[in-house]
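Topology and contacts: notes
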Amino acid sequence: MSAEPVRALIPLPEEKTGLLTRLVDGLDQASLHWLSGYTAGLAAHAQVPPRDGATLVSVETAVLQQLTIVYGSQTGNSKRLAESLAREAGNAGLAVRLLRADAYPLRELKSERLLYVVISTQGDGDPPDDARGFVEFIAGKRAPRLEELKFAVLGLGDSSYAQFCAVGAALDSRLAELGAARLFARGDADVDVDTIARPWLQRALTTARETLKTESLKTSAPSAKVTPLRPQRAPVTWNRERPYSAEVLVNQRISARDGSRDIRHIELSLKDSGFSYEPGDALGVWPTNPASLVDDVIGAAGLDAQSLVAHEGQTLPLRDWLLDRRELTRLARPFVFAHAQRARHDDLDSLVASPVAFPVLLAEHQVVDVLRRFPAAWNAQELVAALRPLAPRLYSIASSPKVADDEAHLTVARVDYEAFGHRHFGAASEFLAARDADNRVPVFVESNERFRLPQDASRDIIMIGPGTGVAPFRGFLQDRAATGAKGRNWLFFGNPHFRSDFLYQVEWQQALRRGELHRLDVAFSRDQDHKVYVQHAIRRRGRELYAWIEQGAHVYVCGDAARMARDVHAALRDVIVEQGAKSLDEAEATLSRLAAERRYSRDVY
Amino acid sequence: MNSPNSMTADSYRAAAAEGVKEASRRLRGTLVASLADAVTGALAEADAQVLKFHGSYQQDDRDLREERRLQKLEPAHDFMIRTRLPGGVVTPRQWLQLDAIAGSYANGTLRLTTRQAFQFHGIIKRQLKATLQAINASLIDTVAACGDVNRNVVVAANPYESRAHAAVHDSACRLSEYLLPKTRAYYEIWLDEKQVAGSGEEDEPIYGPTYLPRKFKIAFAVPPVNDVDAFANDIGFIAIIEHGTLLGFNVVAGGGLGATHGDPNTYPRLADMLGFVAPDRVIATAEAIVTTQRDFGNRSDRKRARLKYTIDDRGFAWFKAEIERRAGFEFAPARPYGFDTNGDRFGWTEGEDGRLHLTLRIESGRIADRDGAPQRKGLREIARVHRGEFRLTPNQNLIVANIAATQRAQIEALVAAHGLDNFRIATPVRLHALACVALPTCSQAMAEAERYLPDFLVRIEALLERHGLRDAPINLRLSGCPNGCSRPYLGEIALVGKAPGRYNLLLGADARGQRLNALYRENIDETEILAALDPLFARFALERNGEEGFGDFILRNNIVAAATVSNKSIPLETRT
């Protein structure tokens, strides 16, 4: 096959075109197919950063002349047909990429120009397992407008079922609804697949040839437009004191039903906020206290919810002050002192006086517990003045904007427990967990310069993030995968149970398969007789871990400050002692040096 | 454009399966590494296939699949383990050991299968090895209980013709041992046997390096009871017994019930009669059939890889000649025999040696402790005092066998105290119903079976009651998919799952395992099923000839077309 017909379509600089011509010249058909798959894979997974200019040829020109074929297959028929079509299109000299639906990068849909979908319908109208995400995305409200897209759908099914080819039909009409142009009518293939499928495939091939020819004529002129890699941001108008009201896109529990805790994955839209963030940054959330808690506090203090309180230049009903202006779930010393003066209760006085008991009281009680346990007379004005102003809660962002675009993802452990005969909540986690999609949340970006990926992308990184401490590392990994960072990525994760608490398990597995995550060590503390934590995994992997550090790896720790960070620090120190034949002090000095070099960073709370 | 059919999905799958076997170094694969991978509760795809040969299936809780997908968690993977237990016989001591395994590693239940095996469900990957070690510690193994090899050999369960039955059982056990794969993989991986030179390259004189194209099933029947459904097996040995002595076997071959919805190239098929052989020729006969299937079975389409298709594709005359050539002898003409039923005989029976056997009804073969019926506990109590053995029947029931007359009262009391005496009061349709496991664990299931059976029985009993048919012995079989674990195509009434809540309704088998049923209504829900049966029951009540069975009645009245019922291979039937 000659490379000449291809050449006319190549939107590359002349020098690259020459290279390409030499590369493909004389290759047999199989090699050419391989090459097209290889480069399509590159395009799909690696957004290669531009060398020094901050520019990148817009992907639009690249995808213009490309046919994308997506299939969802349960028993293999759709796959077979899609593969056959891709093969034929390739033979016809068309640029084609073939993707199983769950491998399709959904973000690219909006820039797609020519799309064929081959998809079966299972049982009572369900998509094949590998296409659920794809179908849901297109059906959902996050699907982009597709004015530029031309498409056609081939559905497969079994007409003895009521929902014959329902998935294909729904996709077909939804794509049109999103503004895409249907090239030709949908095929609904029955169990005698080929009767319908073969004419459809034939038509698809002919149409793709015509369409791509037209498109390439339109764009083969030197019209490749150049778009800045980082689009200009709108000037920031939102900040901590003036939070942006972010729409909740997803609020999904990600610990299993029998999990020890309710962990949520929350996706927020920062669209039009002007915020930009980097992996490692935190998102500040201004919560509203649970209404039931506010009512309990007012009841326990014997006050009237509507009594007006003027404070700090604002006059509001007491209930409003407590809902989103005062701290109720965290107990502060000044409030307890003020309360003790009013309560005149010997037990409370001795608790406050005890250097041992007082911190325990502060840690275990909320405002309402103190009001209930040691009743005292308050007036509304004084109560508002005595309580601490509400502070925002900071959550490590669990996404990279290179993948999540204008969204920020959070990993939130819902705090919800029984104490003193009453249900207790954490203010922000409860607030977030109760937000459905469409609700809004006041947020701002809190930059965290001390928790950054290495400037040098060829450095290895070691990420230690048990529990929700894994959040920033999801963003790290997304970022490193998107930029094609050369360095290796090693994650340590732990939680109580493998089966219920393996946060983002499927994403890590995918990253391992794609070679984006190189090592994953897990410690599930309660899956065996003896408890196993990340620090045990670190010690077990001491030799390799030390080798990574010696080769310049950056070490990151995120999560619980009280115990985990301390135990992990000790484990790292012991690894250095053991593997580096150093004294304890020398090992500590090594860790201090690494910290000073920003190669040992902690984000602990 | 080229035909998109140049390589079909089926042939891809078959080629992949054959490749996995070939590359597995005699069924080792990378199982050890897969077991050690802490990031997933599953095995590598190829290892999951290899694992079957070791008697275990990787499954997942399908009730949770969608929920966990949204939770970004992998499916809740677990494993089913099936024992190899020729004829389904265990000692009381073994019963207690298996019961303890069900409690400590599995989901707290024991499942008796239609092939006289125990199944444990819900075992997680990191306990798989410990569980297999515990099973082997009870002197029971799971080698070749699944996979493309000869599976568990089933044998007529009730030993009332004690001496001849013992001889039949002995033939079955020796054949099972003879057909075991020779690889040491099982012992190395699960029982820590040391690898020796040649490990991974063991000679497999019967199977060869890629084993069989598909699973292979053998049954031994003792007329007049066809509890094993001999004609549904790749090989059926039908015992010919005269005056208490085993003379030999009529051999039938090419049975199998699996089919695929909407694929007319697949179908259930009953075995054909080859002829009579003496007991000392059982092994040579079986080996000739197995190796013929090894060499000629379809290895490019797993849906058509069973022996039944090899016979249909090449012709029975060719097949019989090939077997005789390989075996080195000719079959004698089949001896007269006859089957009365393929069901179990419940309650007490007495063997010719004066020992007693008590057949208990275990619904769907599931031994569990339920409210008001702590059956698992009850059987544990019985195992603690029983001195005979336990026998699993091919109809998912259980025989407490070889009870001394002096122990009868004691066993009887334990049975009554633990809700094991339902066989006395249950309707015939309830007593004889079969259901496969299906949802939530079976990956093949398209609809509920075991979990749906209790509800469906209540409905169908009410319907029968309304037509005065409470005591009509109707054989009902429920299957979650068309693959046939509960032998649905031999049920007088069968439901074969198509989609959640929807089934094909098949009618007209003969309750003796010698005539297949046929499709009556396709893809209908419960209301439609009951509405379809209602007028048939009404007619049956009015027009039944004497003790005529429901399936025979259906056929006589052409309610399903005789042509479709008379499958191309109705076996020879001769009455004594």
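Since this is a predicted model, take the numbers as computed values, not measurements.

With that settled, consider the overall build of chain A. When you go through chain A residue by residue, the secondary structure sums to 24 helices and 23 strands. Within chain A, the fraction of its 605 residues that count as buried is 51%. For chain A, the proportion of contacts with a sequence separation of at least 24, taken over those separated by at least 6, is 75%. In the structure as shown, chain A presents an accessible area of about 28100 Å², 51% of it carried by carbon and sulfur atoms.

In this section: the overall build of chain B. Across its full length, chain B holds 18 helices and 22 strands. Computed over its C-alpha atoms, the radius of gyration of chain B comes to 23 Å, within 12% of the 25 Å expected for a compact globule of 576 residues. The principal-axis extent of the C-alpha atoms belonging to chain B is close to 70 × 55 × 55 Å. Taken over 576 residues, chain B has a buried fraction of 63%. A fraction of 69% describes how many contacts in chain B between residues 6 or more apart in sequence connect residues 24 or more apart. For chain B, the exposed area adds up to about 20500 Å²; of that, 51% sits on carbon and sulfur atoms. Treating the 72 positive side-chain charges of chain B as one cloud and the 71 negative ones as another, the clouds have centres 2 Å apart.

Another aspect to go through is the pairing of strand E16 (residues 416-419) of chain A. Note: E16(A) against strand E17 (residues 422-425) of chain A, four bridges, orientation antiparallel. Across the sheet, the residue bridging to Tyr417(A) is His424(A), located in E17(A).

Our focus in this paragraph is the side chain of Asp527(A). Take Asp527(A): it is sitting in the loop between strand E21 (519-524) and helix H21 (534-540). A relative accessible area of 18% means that Asp527(A) is categorised as buried. Among the polar contacts listed, one links the side chain of Asp527(A) to the backbone nitrogen of Phe498(A), at a separation of 2.8 Å. A distance of 3.5 Å separates a polar atom in the side chain of Asp527(A) from a polar atom in the side chain of Arg126(B).

With that settled, consider empty space enclosed by the protein. Residues and elements named next belong to chain B. All chains considered together, the criterion is met by four cavities of 30 Å³ or more. A volume near 80 Å³ is recorded for the largest cavity. Residue lining of the largest cavity: Leu27, Phe53, His54, Val143, Ala144, Pro181, Thr183, Ala185, Tyr186 and Tyr187, and that is the complete set. Broken down by class, the residue content of the lining of the largest cavity amounts to eight nonpolar, two polar and no charged.

So, on to the interface of chain A and chain B. Listed as interface residues are 44 residues of chain A and, on the opposing side, 38 residues of chain B. Contact between chain A and chain B buries roughly 3400 Å² in total, counting both sides, with carbon and sulfur atoms accounting for 47%. Our count for the contact surface shared by chain A and chain B stands at seven salt bridges. The interface formed by chain A and chain B holds 14 residue pairs in polar contact (both at pLDDT 80 or more) in total. If you list the elements that add at least two residues to the side of chain A that touches chain B, you get helix H5 (77-91), helix H6 (132-139), helix H8 (193-219), strand E9 (244-253), helix H19 (498-501), helix H20 (505-514) and E21 of chain A. The leading source of residues in the side of chain A that touches chain B is H5(A), at seven residues. By residue class, the composition of the side of chain A that touches chain B is 13 nonpolar, 14 polar and 17 charged.

This part is about the pattern of salt bridges. All names here are of chain A. In the structure shown here, the tally under the stated rule is 96 salt bridges over all chains. With its nearest N and O atoms 2.6 Å apart, the salt bridge here joins Arg142 to Glu407. Pair noted here: Arg142 is in the loop between H6 and strand E5 (150-156) and Glu407 is in strand E15 (residues 407-413), with a separation of 265 residues, a long-range link. Its salt-bridge partner being Arg452, residue Glu278 comes within 3.7 Å of it at the nearest N-O pair.

Turning next to the pairing of strand E2 (residues 77-82) of chain B. Residues and elements named next belong to chain B. Among the six residues in E2, six count as buried, and that is most of the element. Covered by surrounding structure in E2 are His77, Phe79 and Ile81 together with Asp78, Met80 and Arg82, the residues of both alternating faces. As paired strands, strand E1 (residues 56-60) and E2 are joined by five bridges and run antiparallel to one another. Residue pairing for E2: Gln59 is matched across the bridge by Asp78.

Residues and elements named next belong to chain B. The tally for this structure, following the rule as stated, stands at 41 aromatic pairs over all chains. Between Phe237 and Phe249, the aromatic rings sit 5.7 Å apart at their centres with planes inclined by 75°, giving edge-to-face as the arrangement. Taken together, the residues Phe237 in strand E8 (residues 235-242) and Phe249 in strand E9 (residues 245-253) connect sequence positions twelve residues apart. Comparing Phe237 with Phe249 shows no difference in burial state: the two are buried. Between Phe296 and Trp318, the ring centres sit 4.9 Å apart and the planes meet at 80°, which makes this aromatic pair edge-to-face.

This part covers the sheet that holds strand E21 (residues 502-507) of chain B. Across a sheet, paired strands are connected by hydrogen bonds in the backbone, their directions being either parallel or antiparallel. Residue and element names in this part refer to chain B. The five strands are arranged E18-E19-E20-E21-E22 in an open sheet whose pairing can be described as mixed. Because the sheet does not close on itself, it has two edges, and the strands there are strand E18 (434-435) and strand E22 (518-524). Here two bridges tie E18 to strand E19 (residues 476-479), and the two strands are oriented parallel to one another. Bridged to Leu434 within E19 is Arg477. Contacting E18, E19 and strand E20 (493-499), helix H15 (residues 453-466) crosses the sheet at an angle of about 145° to E19.

In this section: the sheet that holds strand E11 (residues 347-350) of chain B. Residue and element names in this part refer to chain B. As summarised here, the arrangement of the five strands in space is E3-E16-E17-E12-E11, forming an open sheet in which the pairing is antiparallel. Looking along the sheet, the strands with just one partner apiece sit at the ends: strand E3 (89-90) and E11. Two strands pair when backbone bridges link them, and E11 and strand E12 (residues 356-360) are joined in this way by four bridges, in the antiparallel orientation. By the bridge assignment for E12, Thr349 is matched with His357. Sitting on the sheet, helix H12 (residues 375-385) is in contact with E12, strand E16 (389-392) and strand E17 (398-403), with an inclination near 140° to E16.

Residue and element names in this part refer to chain B. By the secondary structure assignment, Glu202 is in the loop between helix H8 (185-191) and strand E7 (218-221). You can call Glu202 buried: its relative accessible area is 12%. Taking C-alpha positions, Glu202 is 30 Å from Gly41, a pair spaced 161 residues apart along the chain. Looking at Glu202, its side chain comes within polar contact range of the main-chain nitrogen of Arg184, at 3.0 Å.

Okay, the environment of Ile460(B) next. Residue and element names in this part refer to chain B. Mapped onto the elements, Ile460 comes out in helix H15. By relative accessible area, Ile460 is classed as buried at 0%. In this structure the C-alpha to C-alpha distance between Ile460 and Val429, which are 31 residues apart in sequence, comes to 8.5 Å. Beyond its immediate chain neighbours, meaning those up to four positions away, Ile460 contacts Val429, Ile493, Leu533 and Phe537.

Bringing helix H24 (residues 584-596) of chain A into the picture now. Residue and element names in this part refer to chain A. With 13 residues, H24 should reach 18 Å at 1.5 Å per residue; the first-to-last C-alpha distance of 18 Å fits that figure. Turning to H24, its buried residues are Ala587, Thr590, Leu591 and Leu594. The arc that holds the buried residues of H24, viewed along the axis, is 95°, so those residues lie on one side. Opposite its buried face, H24 presents the exposed residues Asp585 and Ala596, each directed more than 90 degrees away. In this fold, the buried residues of H24 make contact with helix H22 (542-550), helix H23 (564-580) and strand E23 (600-604).

Take the nonpolar core next. Residue and element names in this part refer to chain B. Counting 93 residues, the largest nonpolar core has Trp95, Phe120, Phe220, Phe237, Ile289 and Leu379 as the members making the most contacts within it. The element best represented in this core is helix H9 (residues 282-296), accounting for five residues. Formed by 41 residues, the second largest nonpolar core is a distinct cluster that contains Ala449, Ala472, Ile524 and Val560.

Residue and element names in this part refer to chain B. For chain B, per-residue confidence averages 94 on the pLDDT scale, and residues scoring 70 or more make up 96% of the total. Within the model, the stretch residues 1-6 combines pLDDT values under 50 with 16 contacts to residues more than four positions away or in other chains. Within the model, pLDDT remains below 50 along residues 565-576, and this stretch shows 41 contacts once partners closer than five positions in the same chain are excluded. Of the two predicted TM-score estimates for the complex, the pTM is 0.83 and the ipTM is 0.90.

Glancing now at the side chain of Arg477(B). Residue and element names in this part refer to chain B. Note that Arg477 resides in strand E19. Side-chain polar atoms of Arg477 contact the side chain of Asp229, separated by 3.0 Å. Setting aside residues no more than four positions away along its own chain, Arg477 makes contact with Asp229, Asn342, Asn395, Leu434, Ser486, Arg487, Pro488, Leu490, Gly491, Ile493, Ala494 and Leu495.

Basis of the calculations
Residues numbered from 1 in each chain as written. Chains lettered and ligands numbered in written order. Predicted model: local features only at pLDDT ≥ 70, side-chain atom pairs only at ≥ 80, totals over all residues. Heavy atoms only, no water. Helix = DSSP H or I, 4+ residues; strand = E, 2+ residues; numbered from the N terminus. Buried < 20%, exposed > 50% of the residue type's maximum accessible area, 1.4 Å probe, protein only. Contact = heavy atoms within 4.5 Å. Areas by Shrake-Rupley, 256 points an atom, 1.4 Å probe, with all protein chains shown as cover. Rg over C-alpha atoms; globule rule 2.2 N^0.38 Å. Lys, Arg positive; Asp, Glu negative; His and termini not counted. Charge placed at Lys NZ, Arg CZ, Asp CG, Glu CD. Pairing = 2+ DSSP bridges. Polar contact = N/O pair within 3.5 Å; in protein donor to acceptor, adjacent residues only side chain to side chain. 1 Å grid on protein atoms, 1.4 Å probe; cavity = no way out; pocket = protein on both sides within 12 Å on 5 of 7 lines; lining within 4 Å. Points joined across faces, edges and corners; volume = space filled by probe spheres on them. Nonpolar A, V, L, I, M, F, W, Y, C, P; charged D, E, K, R; others polar. Buried area = accessible area lost by both parts, 1.4 Å probe. Salt bridge = Lys/Arg side-chain N within 4 Å of Asp/Glu carboxyl O. Phe/Tyr/Trp six-rings, centres within 6.5 Å; stacked < 30°, edge-to-face > 60°. Axes fitted to C-alpha atoms, helices over the stretch in contact; angles between N-to-C directions. Expected span 1.5 Å × (residues − 1). Arc of directions from axis to C-beta. Core = buried A, V, L, I, M, F, W, Y, C linked by side-chain atoms within 4.5 Å. pLDDT = per-residue confidence, 0-100.

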